[in-house]
Amino acid sequence: MMVLKLFGIIFFCGLLSPSQEVLSGLSCAVSPQAMQNGNYKKHLKAVFALKALWDSDGDSFPVLSDAIIHNGLIHQHLQGLVVPNIMGEGSQLNSPTSITDLHLIKVRVPRLSVVLLPGIGVQLTIGAKLQLRGNCLVGLLSELIDILVEVNITANIKCTNFESGTFQVVTEDCLCILGAIKIKVLSGLLTLSVNELVLRQLTATLPALLCPVVDIVMNLVNIHLLSTLNAVIPVGTAGTIHYQLASIPYTSGKFLGLDLDGVVKQVGGSTIPHDSSPSALPPLMDRHLLLVMRQSFLNAVLSLLLQPPPQTFPCTPDIVSAAGPVFPARVTRDRHQPGLGSAPGGSLCLSLGVCTFSGASRLREAVWTIAPAGLWGCESLPEDCQSPAWLVRRVPAATSMHPQFPQCSACSGTSPLSIKLVLRGNPLILLEENKASVKLSVLIQLFSNRLDGSILNFLLLKADLALNVRVSIVGGRLVLQLALGSTSLSLESSDVGISNISPLKSHCISLLVETFLPVINGALSIGIPLPKVLRIPLVNVDFQIKAGMMVFLV
């Protein structure tokens, strides 16, 4: 059992020298105190998804992951730990003594200390009590013998041969020193020579037995721990994030460091690249775990999550609320509408199906107020060119823009005025000291369909949004909620000659808040899956926003 408890800690061994400017999306730091103090026992249970084994003194220590327990290898090694027979020759004063079938029946680990050795790895010192039992023959008297021996085990643990997110672990300078020994036999008759014999023989044999088992079990635990650091996690139906070690773990005098890479892939296998710059980790303070997520990695994940299809709806307030259910739609590229289909990079659009904007009537009125004389393209400017009747004959959709226009039976018009919203380009998250914001651009098109299938583009506007970010962790996922901070509105094009758009800004802001932001927040609500670093649970997490990074403290 001692070996098991050793390896509840040996997972922190994967160490060599500090990272040399590794370009990674995430970095972690684990405190040495977290490996040895009483408060961290709760974390160790989660670290290994372990079962707690309870000693008779009531002390508990999580010792082995379910995976390692289920495969039976550790149990096999413990049960196979047999101490060689102890033989002592008799003398004129003492009978010959033999202790046979001496095996381990129980382990207690009351003391554990961890020292981080920069450039070397981790030094573990374990104070353990081993309870051995066997058969003792002194002269002609045979009986059971129980031996309780204290041992101090010290070992240096290193990692080496790093390749593709994996490494090998090596145990070096393993030293086993015996302390006090207590021996009990049923008769209670023991001589001083038996105590000396047992101490001498165990001092010679136990180190050679325990250190190889430590090495074997440590490698088994290493395999399990790598599965927590190297994992492919789905991000809804949009794609996956492949977390893996970017370099060999390293130590400083204050923490164990892990650099992780997060490969962001879309459905179909294409990778969204992200660049990272080396940066120093913030102070760990008195926390057990520090997790840093860099801005470039977050931008790659946002590009994966925010690929919504077209959001198109009539410019009328009487359909359904945009705050209603949002149904997922297939991601498509718009190739039919001028302006929207030609956004850089092939803009991806959002589709809610049927939705509405409650301020549609006010938006129509605002558009009418900025319409210049002759905006409907009258080539020869006849006397009645700007009259409502002429306008309806030329562009029947104007009836939907201004209710005072009379209906005309001779009209062969277009469809009612519609609104289309398109996310242009990729969103960009900006992390500054104590502040996180997202910048993105939205194209707003007011258009109507002509009978010949062509599009009449009344207005194509670009709204540059600065969105405030609210951060939370839910179920091991980072959830970002966005709220509108500021908006800049510019004119992209107009087929009808509108140039002054300043009266439209407040209406466009209302449009985006009511119809666009719920879609964006809905896409973000699935959250960004975080790596389960050593299975330390992300509960009671404090957040810090630093320049270029988001910091989580456990």
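Residues numbered from 1 in each chain as written. Predicted model: local features only at pLDDT ≥ 70, side-chain atom pairs only at ≥ 80, totals over all residues. Heavy atoms only, no water.

The name recorded for the chain in an unreviewed UniProt entry is BPI fold-containing family B member 4, from Lonchura striata.

**Q** Help me understand helix α7 (residues 360-369) in this model?
**A** In an α-helix, one full turn covers 3.6 residues, which means residues spaced three or four apart are oriented alike. Listed as buried for α7 are A360, L363, R364, A366 and V367. The arc that holds the buried residues of α7, viewed along the axis, is 160 degrees, so those residues lie on one side. Along α7, the residues that are exposed and aim more than 90 degrees away from the buried face are R362 and T369. (Buried < 20%, exposed > 50% of the residue type's maximum accessible area, 1.4 Å probe, protein only. Helix = DSSP H or I, 4+ residues; strand = E, 2+ residues; numbered from the N terminus. Arc of directions from axis to C-beta.)

**Q** For this particular structure, what's the right way to read the environment of N521?
**A** Mapped onto the elements, N521 comes out in helix α10 (residues 505-524). By relative accessible area, which is 13% here, N521 ends up buried. In this structure the C-alpha to C-alpha distance between N521 and L306, which are 215 residues apart in sequence, comes to 9.3 Å. Discounting chain neighbours no more than four positions away, the residues touching N521 are L480, Q481 and L482. (Contact = heavy atoms within 4.5 Å.)

**Q** Explanation requested: α10 in the structure shown.
**A** Most pronounced at F516, the bend in α10 amounts to some 40 degrees, and the proline P518 follows within four residues. All buried positions along α10 are accounted for by H507, C508, L511, L512, T515, F516, L517, V519, I520, N521 and L524. (Bend = angle between axes of the 7 residues up to and from the residue.)

**Q** What am I meant to see in the packing of aromatic side chains here?
**A** Both the distance between ring centres and the angle between the ring planes are used here to describe each pair of aromatic rings. All told, the structure shown has three aromatic pairs when counted by the stated rule. Measuring from centroid to centroid gives 6.1 Å for Y243 and F297, while their planes differ by 50 degrees, and the two rings are tilted. Taken together, the positions of Y243 in strand β11 (residues 239-245) and F297 in helix α6 (residues 295-305) put the pair 54 residues apart, joining distant regions of the chain. For the pair shown, Y243 and F297 are each scored as buried. (Phe/Tyr/Trp six-rings, centres within 6.5 Å; stacked < 30°, edge-to-face > 60°.)

**Q** Can you walk me through the pattern of salt bridges in this structure?
**A** Pairs can form between side chains of opposite charge once their charged atoms are near each other. Under the criterion given, the structure shown has seven salt bridges. Its salt-bridge partner being D464, residue K462 comes within 2.9 Å of it at the nearest N-O pair. Through salt bridges with shared partners, a single ionic network connects D286, R287 and D542. (Salt bridge = Lys/Arg side-chain N within 4 Å of Asp/Glu carboxyl O.)

**Q** Which parts of the structure should I look at to understand the side chain of S27?
**A** Structurally, S27 is set in strand β1 (residues 26-30). Of the residues examined, S27 reaches a relative accessible area of 1% and is grouped as buried. A distance of 2.6 Å separates polar atoms of two side chains, one belonging to S27 and the other to D259. Of note is the side chain of S27, whose polar atom sits 3.0 Å from the side chain of R294. Setting aside residues no more than four positions away along its own chain, S27 makes contact with L258, D259, L281, L290, L291, V292 and R294. (Polar contact = N/O pair within 3.5 Å; in protein donor to acceptor, adjacent residues only side chain to side chain.)

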